[in-house]
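Letter by letter, the chains look like this.
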Amino acid sequence: MGPGGGRLDGGAQGGAFYVEDGQRRVGQMRCRPYAWSNAMAVQGLHELIADTPWDGDPSALMFGSLGLPGTNTVANVQLRGHTCTVTAGPNRTALVRDGRTVFRATGARVAVRNFVLRASGASFDLDAGGPARVEVPGRGGRSRGRNVPAGRSHVEL
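The sections below set out a description of the structure shown in this document. Fair warning: this is a prediction, and the values are worked out from it, not measured in the lab.

Criteria and cut-off values
- The written sequence of each chain sets the order in which its residues are numbered from 1.
- Reporting of local features is limited, given that this is a predicted model, to residues whose pLDDT is at least 70; pairs of side-chain atoms are given and counted only at 80 or more, and all residues count toward the totals for whole chains, interfaces and linings.
- Each side-chain value is derived from all of the structure's non-hydrogen atoms; neither hydrogens nor water enter the calculation.
- Residues enter a nonpolar core if they are buried and are Ala, Val, Leu, Ile, Met, Phe, Trp, Tyr or Cys, with the set joined through side-chain atoms within 4.5 Å.
- For each residue, the accessible area found with a 1.4 Å probe, counting protein chains only, is set against the maximum for its type, and the residue is called buried under 20%, exposed over 50%, and partly exposed in between.
- Secondary structure elements are defined from DSSP: runs of H or I of at least 4 residues count as helices, runs of E of at least 2 residues count as strands, and each element is numbered from the N terminus.
- Contact criterion: two residues are considered in contact whenever any of their non-hydrogen atoms come within 4.5 Å of each other.
- Strands are treated as partners if at least two bridges between them are detected by DSSP.
- Here a pair means two rings of Phe, Tyr or Trp (six-membered ring of Trp) with centres within 6.5 Å. Their orientation is stacked below 30 degrees between planes, edge-to-face above 60, and tilted elsewhere.
- Under this definition, polar contacts are N or O atom pairs within 3.5 Å; protein pairs additionally need one hydrogen-donor-capable and one acceptor-capable atom, and for neighbouring residues in sequence, both atoms have to be side-chain atoms.
- Whenever a helix is involved, its axis is fitted only over the stretch in contact; in every case the axis is a line through C-alpha atoms, and angles between N-to-C directions fall within 0 to 180 degrees.

**Points about the nonpolar core**
Here comes step 1: The biggest cluster of nonpolar side chains holds 28 residues, and the ones touching the most others in it are Ile 49, Leu 95, Phe 103, Phe 115, Phe 124, Leu 126 and Val 134.
Here comes step 2: Residue assignment for this core shows that the elements contributing at least two residues are β5 (61-64), β6 (72-79), β7 (82-88), β9 (100-106), β10 (110-118), β11 (121-128) and β12 (132-137).
Here comes step 3: Broken down by element, this core gets its largest block of residues, four residues, from β11.
Here comes step 4: The residues touching Phe 103, leaving out its near neighbours within four places in the chain, are Phe 63, Thr 93, Ala 94, Leu 95, Val 110, Val 112, Phe 115, Phe 124, Leu 126, Val 134, Glu 135 and Pro 137.

**Here we look at the pairing of β6**
Here comes step 1: The sheet contact formed by β6 and β7 spans six bridges and is antiparallel. Across the sheet, Leu 79 pairs through a bridge with His 82, a residue of β7.

**A closer look at the packing of aromatic side chains**
Here comes step 1: For the structure shown, the criterion picks out five aromatic pairs.
Here comes step 2: A centroid spacing of 5.3 Å and a plane angle of 90° characterise the contact between Phe 103 and Phe 124, whose relative ring orientation is edge-to-face. Highlighted residues: Phe 103 in strand β9 and Phe 124 in strand β11, separated in sequence by 21 residues.
Here comes step 3: For Phe 124, a relative accessible area of 0% gives the class buried.

**Here's the deal with the side chain of Arg 109**
Here comes step 1: Within the secondary structure, Arg 109 sits in the loop between β9 and β10.
Here comes step 2: For Arg 109, the side chain forms a polar contact with the main-chain oxygen of Leu 68, separated by 3.0 Å.

**Quick look at the sheet that holds β11**
Note on sheets: strands pair through backbone hydrogen bonds, and any given pair is parallel or antiparallel.
Here comes step 1: Taken together, five strands build an open sheet; the order of strands is β4-β5-β10-β11-β14 and the sheet is antiparallel. Both outer strands of the open sheet, β4 (49-51) and β14 (151-156), are each paired with one neighbouring strand and no more. On average, each strand axis in the sheet is tilted by 15° relative to the strand beside it, whichever way the strands run.
Here comes step 2: In the sheet, β11 pairs with β14 via six bridges, with the strands oriented antiparallel. Counterpart to Ser 123 in the pairing with β14 is Glu 156.

**Focus: the sheet that holds β6**
Here comes step 1: An order of β6-β7-β8-β9-β12-β13 is seen for the six strands of this open sheet, with the pairing classed as antiparallel. In this open sheet, the two strands that pair with only one neighbour each are β6 and β13 (143-148). Averaged over all pairs of adjacent strands, the angle between strand axes in this sheet comes to 10°, irrespective of strand direction.

**Here we look at the environment of Val 102**
Here comes step 1: Residue position: Val 102 is located in strand β9.
Here comes step 2: Remark: the alpha-carbon pair of Val 102 and Glu 135, spanning 33 residues in sequence, is separated by 8.3 Å.

And the structure:
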């Protein structure tokens, strides 16, 4: 709807504006595009995964969500030369990097911040919506994990 209840029609000829009485007026309306609207999809992406170089370690990631309803997945996100997929739900959160699961939490919704994965293990800050089990699967099928209480925790695995 345009101002005053009219309808906008953007066409190849500069567009037209239809007033409530249906009379067409060509070229009478100038609309500014909303440049920020193209970035709205990024908000959802950043709710599920983002890099956080300003929070300490420049290789740190943040992922998961306490606030999104249902189960949400974002796939094929390119971060620092890796392809990442995050699934965040009420009972499970997982981070897959280059086709390999590198983090898993079960039992509650979690938000992970400052996640740094090294060959020796992982460290991260966690906010859990309830008691949860967190694991960092290792090479050869061995996982390192621990139970965490509801609330905030710093975890080293």
